[in-house]
Each structure stands twice: as C-alpha cells, then as structure tokens.
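Coordinates in review
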Amino acid sequence: MSTDAIVLLKQDHKTVEQLFRKFEQAGDDAFATKRGLVDSIIKELTTHAYIEETIFYPEARKAVPETEDHVLESIEEHHVVVWMLSELTKLEPDAENFDAKVTVLIENVRHHVEEEEQDWFTEVRKAMGRKRLQELGARMADAKPDAPSDPLALQSA
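These figures come from a predicted structure and were not determined experimentally.

1. Quick notes on the overall build of the chain
- Helix and strand content of the chain: four helices and zero strands.
- Its C-alpha radius of gyration of 16 Å places the chain within 12% of the 15 Å reference for a compact globule of 157 residues.
- Projecting the C-alpha coordinates of the chain onto the three principal axes gives extents of approximately 50 × 30 × 25 Å.
- Looking at the chain as a whole, 45% of its 157 residues are labelled buried.
- A separation threshold of at least 6 residues defines the contact pool for the chain, and within that pool the share at least 24 residues apart is 81%.
- Of the roughly 8,300 Å² that the chain leaves accessible, carbon and sulfur atoms contribute 49%.

See below:
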C-alpha cells in the first residue's frame, strides 16, 4: 500500500521539524553541526517544495477549487523560503546573521506547515479520497529524485 499524498507531505514536515529542533539545540559555536543541519534543511525543503509545486498543488486546485487562495498563498510563502534557502547555501555558519536567517526561515516554514495541515489538507482529503491520494502520493514519491538541488530552480523562485 503506497503512502497517500497528504501523509507523505506530513512526513516531510516532521523530518524538517526534527532538523529545526536540532538546529535550535545546537550550541552557539557549533558551526560545523549547524552547517550540516542547514544543508539538510535546504535539501529537504527544496525537494518538498518541488513535489508540492509540480504535483500536489495543481491537483489540489483541480479537486477543490476553493483552495485556490491557499495554494496561491503557499506558493508565495515558498518564494520567500527558497530565496532564504539560496542565501543560506552561500552564508558561512559563523556569519553574524546566519542564526538569525535560519530562525526567520524556521518561523516561516512552521507558519506554512500549520496553515497547510490545519486549514486545507482536510478539504483536499475529502475531495480526493483515499485511492486518488495514494496514486498522487506514489507520483510524488517517484518525483523526489528529480527535484533540483538549487532552491532557485523551483517554480516559486
């Protein structure tokens, strides 16, 4: 049995949240640890945004036209996040604004996740049903390896 699309997205959210918590718990001078965590965050969020933008959002808009405003807002939130990710790829972890930039990124992503999970995933689940969500989840899982490594290569950039 394949994972349905919404379950897959929520799993991605949990993975990123775990990385956020590890970053928040790293010490002030844990520069190598923070660099590694941010590199993982960049990879996870870029891949996640890619499958949302190319597969999930278009299907959600078709299935539940009322979610169009949510989808458009989500794409704009992605735009802000991918620019921050692109800046973090080049920023040294001992730069004075590194931690601040990561903190703002975390706040933005947490807000985005909360809106998706609380405000509109339920509507999409009702409209699409189990079988369609499982098919969509399989397509999304298969597409993950095709995600760009550069956040600025995403549609929302």
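After that view, the rundown keeps rolling.
2. Regarding the packing of aromatic side chains
- Taken as a whole, this structure holds six aromatic pairs when the rule is applied.
- Where Phe 23 meets Phe 98, the ring centres are 6.3 Å apart and the plane angle is 45°; that geometry is what we call tilted. Of this pair, Phe 23 sits in helix H1 (residues 5-25) while Phe 98 sits in helix H4 (residues 98-143), placing them 75 residues apart in sequence. Take Phe 23 and Phe 98: they sit in the same class, and that class is buried.
- Ring geometry for Tyr 57 and Trp 120: centres 5.8 Å apart, planes at 45°, overall tilted. Residue Tyr 57 is located in helix H2 (residues 31-63), and its partner Trp 120 is located in helix H4; the two are separated by 63 residues in the primary sequence.

3. Some thoughts on H4
- Along its 46 residues, H4 runs just 31 Å from first to last C-alpha, ending more than 12% under the 68 Å computed at 1.5 Å per residue.
- The principal kink in H4, of about 100°, is found at Gly 129.

4. A few points about the packing of H1 against H4
- Between H1 and H4, the least distance of the axes is 6 Å, while the angle of their chain directions is 165°. Taken together, the axis directions place H1 and H4 in an arrangement best described as roughly antiparallel. Here H1 runs over H4; the crossing is left-handed.
- When grouped by side-chain class, the residues that make up the contact of H1 with H4 number 19 nonpolar, two polar and nine charged.

5. Some points on the packing of helix H3 (residues 68-90) against H4
- Running from N to C, H3 and H4 cross one another at 160°; their axes reach a closest spacing of 10 Å. Between H3 and H4, the interaxial angle falls into the category roughly antiparallel. Seen from above, H3 lies across H4 with left-handed handedness.
- In terms of residue class, the contact of H3 with H4 is built from 12 nonpolar, six polar and eight charged.

6. What to know about the nonpolar core
- The biggest cluster of nonpolar side chains holds 24 residues, and the ones touching the most others in it are Ile 51, Phe 56, Trp 120, Val 124, Leu 136 and Met 140.
- At eight residues, the largest contribution of residues to this core is made by H4.
- Ignoring any residue separated from it by four or fewer positions in sequence, one finds Trp 120 in contact with Phe 56, Tyr 57, Ala 60, Thr 67, His 70, Val 71, Ser 74 and Glu 115.
- Counting 20 residues, the second-largest nonpolar core is a separate cluster that includes Val 38, Val 81, Leu 85 and Phe 98.

7. Some words on the confidence of the model for the chain
- Here the chain averages 95 in pLDDT, while 99% of its residues score no lower than 70.
- Per-residue pLDDT, averaged within each element of the chain, yields its smallest value for H3 (94) and its largest for H1 (98).

Criteria and thresholds
- Residues numbered from 1 in each chain as written.
- Predicted model: local features only at pLDDT ≥ 70, side-chain atom pairs only at ≥ 80, totals over all residues.
- Heavy atoms only, no water.
- Helix = DSSP H or I, 4+ residues; strand = E, 2+ residues; numbered from the N terminus.
- Rg over C-alpha atoms; globule rule 2.2 N^0.38 Å.
- Buried < 20%, exposed > 50% of the residue type's maximum accessible area, 1.4 Å probe, protein only.
- Contact = heavy atoms within 4.5 Å.
- Areas by Shrake-Rupley, 256 points an atom, 1.4 Å probe, with all protein chains shown as cover.
- Phe/Tyr/Trp six-rings, centres within 6.5 Å; stacked < 30°, edge-to-face > 60°.
- Expected span 1.5 Å × (residues − 1).
- Bend = angle between axes of the 7 residues up to and from the residue.
- Axes fitted to C-alpha atoms, helices over the stretch in contact; angles between N-to-C directions.
- Parallel < 35°, antiparallel > 145°, perpendicular 65-115°, else oblique.
- Left-handed = near helix turned anticlockwise from the far one by under 90°.
- Nonpolar A, V, L, I, M, F, W, Y, C, P; charged D, E, K, R; others polar.
- Core = buried A, V, L, I, M, F, W, Y, C linked by side-chain atoms within 4.5 Å.
- pLDDT = per-residue confidence, 0-100.

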